[in-house]
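Below are the chains, spelled out letter by letter.
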Amino acid sequence: MCGVAGGTGGTAAGSPGLVVGIGASPGVPAGEVVRLVADALREAGAAGPVVALATVDARGREPGILMTAKRFGVPVLTYPPEELAAVEVPHPSAAALRALGTPSVAEAAALRGGGELIVPKRRSAARPARATAAVVRLPAPASADGTAPGTIACMDTYSAPGPGTRHRPGPPPPPDLRHHGDAEVRDDGAALVDLAVNVRADTPPRWLRERLAASLDSLAAYPDGQAARAAVAERHGLPVERVLLTAGAAEAFVLLARALGARRPVVVHPQFTEPEAALRDAGHTVGRVLLRAADGFRLDPAAVPGDADLVVIGNPTNPTSVLHPARDVAALARPGRTLVVDEAFMDAVPDEREALAGRTDVPGLVVLRSLTKTWGLAGLRVGYVLAEPGTVRALGRAQPLWPVSTPALVAAEACVAPPALAEAARAARAIAADRAHLVAGLGRFAGAGLRVAGPAEGPFVLVRVPGAAAVRHRLRALGHAVRRGDTFPGLDSDWLRLAVRDRATTDAFLAALAEALRG
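Residues numbered from 1 in each chain as written. Predicted model: local features only at pLDDT ≥ 70, side-chain atom pairs only at ≥ 80, totals over all residues. Heavy atoms only, no water.

Draft legend 1. Geometry of the overall build of the chain. Per the secondary structure count, the chain includes 17 helices and 19 strands. The proportion of buried residues among the 519 residues of the chain is 55%. If you take every contact in the chain between residues at least 6 apart in sequence, the share linking residues at least 24 apart comes to 69%. Entry remark: accessible area of the chain is about 21,000 Å², with carbon and sulfur atoms responsible for 54%. (Helix = DSSP H or I, 4+ residues; strand = E, 2+ residues; numbered from the N terminus. Buried < 20%, exposed > 50% of the residue type's maximum accessible area, 1.4 Å probe, protein only. Contact = heavy atoms within 4.5 Å. Areas by Shrake-Rupley, 256 points an atom, 1.4 Å probe, with all protein chains shown as cover.)

The following block contains the structure:
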């Protein structure tokens, strides 16, 4: 959504200034916002120059809004929803009120400094509409540049306002825990080279596709997971009572959140956001332990509160690619605590160093594994839980009947067989070599301020680069999709995650990155 407010005497020349209120659906493209603002300004006539954009806090870091601000060379002002809810708007929306706590982000943000409505709320031409606009004329400037006081977001991504601008400091919007890498490649249907999703390229292999195709002859029967469960148990040297098959690791997070009755869950961040999202959806108040870039995102077991009765950590961790020593992770265990270790990427680590899967000496240990990443089965949804029999039974009771489809069961059985494990081991060694090539190439951009978090041990790397949001959009225009980092708690808008690909793909990406960094 977008609104425009005008103010008298808001510029150095004394002409009226316009404050553009923005509130957009998550992921709205910058081009759509820019076109909408331009249309609203044309409808407003010669009301004055744009001096700022304004929005609700939760949209203050939307790339589409930030790029629009950069296009106009103005700052972004953000307001808490309760402030915008207090602004009387002529065209309220029940949907906006439910979603963001204000009846119209467009009009409320534009009217925040007072003023007169010039152009009624207009919708973007996109179908379905993801933005609206309104134009307001303010009675007088609230600062030297004509903008009303607000929280200024992401100063490094747009031209800074002139001297004398007043703003009140405030925290950035909370990370969008439901944003994942697939959103980076599905936005506008463009043909993009995918470095945003951590699924191994050129998968599933032909032999696995043939096994899956053959399983379709059995779809008339209800799924029977006994063989697959036994195969997973054998793969890890465990009794079958310690194995639970799930519709991907994501289902396991939901089961853990709903079935175990945790009183004080804690998630170690930065890491995959679905565990915290599932806990919050189940009504839990979630504590966070934020690992620091200055420490290499290394785990300090002493940083986890002693009274936490459920602790979640990834190893190797998405998105930092840090592989924590098994002894440090195991040190988090204690009586009365469930220790959840997400090992979704452990099979991409040569020899699965530091793995806890198969351990029975760690109290309260729950290990999650996924077959999605190495075998390219994101659309099939297959994973498993390794835990004490009592925990497996509790999680199983929370599952619906037949939670894993017949093709997924066939995939689980096939992917833990000795030939598949040997293939996965070869792939892990190839990934390590391709990752070293990527990291070496990224080292050429140290002069541009780019830094690689590390040492990286997963099939992806995390990089910090000034103005990463703009760099990401330039890369997209050059045909490459990368994963934004600011939706991970503990990271800000200067972080990007890059999936490891083959050397030819990496070399093409590095050439595009060089161009993107030049601006």
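Past the structure itself, the notes keep going.
Draft legend 2. Structural context of the environment of D342. Of note, D342 is situated in strand β13 (residues 338–342). The spacing of D342 and T317 is 25 residues in sequence and 8.1 Å in space, taken between C-alpha atoms. The residues contacting D342, other than those within four sequence positions of it, are F253, F272, I313, G314, N315 and L368. Reaching out from D342, the side chain makes a polar contact with the backbone nitrogen of A344 at a distance of 3.1 Å. (Polar contact = N/O pair within 3.5 Å; in protein donor to acceptor, adjacent residues only side chain to side chain.)

Draft legend 3. Expanded view of the pattern of salt bridges. Under the defined criterion, the tally for this structure stands at 15 salt bridges. R263 serves as the salt-bridge partner of D309, at 3.9 Å between the closest nitrogen and oxygen. Here D309, found in the loop between β11 (287–290) and β12 (310–314), pairs with R263, found in the loop between α9 (248–259) and β10 (265–269); they are 46 residues apart in sequence, far enough to count as distant. D309 gets classed as buried once you look at its relative accessible area, which sits at 8%. Looking at R263, the relative accessible area reads 70%, which means it is exposed. One salt bridge connects E276 with R288, and the closest N-O pair in it is separated by 2.7 Å. Here E276, found in helix α10 (residues 274–281), pairs with R288, found in strand β11; they are 12 residues apart in sequence, far enough to count as distant. A residue is classified by how much of its surface remains accessible, and E276, at 0% relative accessible area, is buried. Through salt bridges with shared partners, a single network forms among R235, E343, E352 and R369. (Salt bridge = Lys/Arg side-chain N within 4 Å of Asp/Glu carboxyl O.)

Draft legend 4. Spatial organisation of a nonpolar patch on the surface. Taken together, the side chains of Y222, L401 and W402 present a nonpolar region at the surface, about 420 Å² in accessible area. By secondary structure assignment, the location of L401 is in the loop between α13 (389–398) and α14 (406–415). Taking relative accessible area as the criterion, L401 reaches 66% and is therefore assigned exposed. (Patch = residues over 30% accessible without salt bridge, like charges linked within 9 Å, V, L, I, M, F, W, Y side chains within 5 Å.)

Draft legend 5. Main features of the pairing of β12. Most of β12 sits inside the fold, with five of its five residues counted as buried. Here β12 shows no split at all, with L310, V312 and G314 on one side and V311 and I313 on the other all buried. Bridge analysis of β10 against β12 gives three bridges, and the strand direction is parallel. Bridging from a neighbouring strand, V266 pairs with V311 of β12. (Pairing = 2+ DSSP bridges.)

Draft legend 6. Structural detail: the pairing of β11. As defined by bridge partners, β10 adjoins β11 across four bridges and the pair is classed as parallel. Looking across to β11, one finds that V266 is bridged to G287. In the classification by handedness, the crossover that spans β10, the intervening α10 and the parallel β11 is right-handed. (Right-handed = clockwise from strand over helix to strand, strands pointing away.)

Draft legend 7. Looking closely at helix α17 (residues 503–518). An ideal rise of 1.5 Å per residue puts 22 Å on 16 residues; α17 measures up with 23 Å between its terminal C-alpha atoms. Taken together, the buried positions of α17 are T506, F509, L510, A512, L513 and A516. Sitting at the head of α17, D502 places a side-chain oxygen 3.1 Å from the backbone nitrogen of A504. (Expected span 1.5 Å × (residues − 1).)

Draft legend 8. View of the packing of helix α2 (residues 63–72) against helix α16 (residues 468–477). Running from N to C, α2 and α16 cross one another at 95 degrees; their axes reach a closest spacing of 10 Å. Taken together, the axes of α2 and α16 are roughly perpendicular relative to one another. Seen from α2, the contacting residues are P63, M67 and K70; seen from α16, they are A470, R472, H473 and R474. A breakdown of the residues in the contact of α2 with α16 according to their chemical character gives three nonpolar, one polar and three charged. (Axes fitted to C-alpha atoms, helices over the stretch in contact; angles between N-to-C directions. Parallel < 35°, antiparallel > 145°, perpendicular 65-115°, else oblique. Nonpolar A, V, L, I, M, F, W, Y, C, P; charged D, E, K, R; others polar.)

Draft legend 9. Here's a closer look at the sheet that holds β12. Ordered by their spatial adjacency, seven strands build an open sheet running β9-β15-β14-β13-β12-β10-β11, and the pairing between neighbours is mixed. Across the chains shown, the open sheet's two edge strands, defined by having one partner strand only, are β9 (243–246) and β11. Neighbour to neighbour, the strand axes of the sheet diverge by 20 degrees on average, direction disregarded. Direction of pairing for β12 relative to β13: parallel, over a ladder of five bridges. For G314, the partnering residue across the bridge sits in β13 and is D342.

Draft legend 10. Molecular detail of unusual backbone geometry. In this chain, T203 is followed by P204 through a cis amide linkage whose omega measures -5 degrees. Assignment of secondary structure puts P204 in the loop between β8 (193–195) and α7 (206–215). Here G454 and P455 are connected by a cis peptide whose omega angle stands at 5 degrees. Its place among the elements puts P455 in the loop between β16 (451–452) and β17 (460–464). Phi at D351 is positive, roughly 65 degrees, even though this residue is not glycine. With respect to the helices, strands and loops of the structure, D351 is situated in the loop between β13 and β14 (365–370). Judged by its relative accessible area of 74%, D351 is exposed. At W402, a position not held by glycine, the phi torsion is positive, near 50 degrees. Relative to the assigned elements, W402 resides in the loop between α13 and α14.

Draft legend 11. Representation of the confidence of the model for the chain. Taken over all residues, the pLDDT of the chain has a mean of 83, while the share at 70 or more is 82%. Scored below 50 in pLDDT, residues 1–15 makes 78 contacts in the model with residues more than four places away or belonging to other chains. Low pLDDT, under 50, characterises residues 139–172; the stretch is placed with 82 contacts to residues that sit more than four places away or in other chains. (pLDDT = per-residue confidence, 0-100.)

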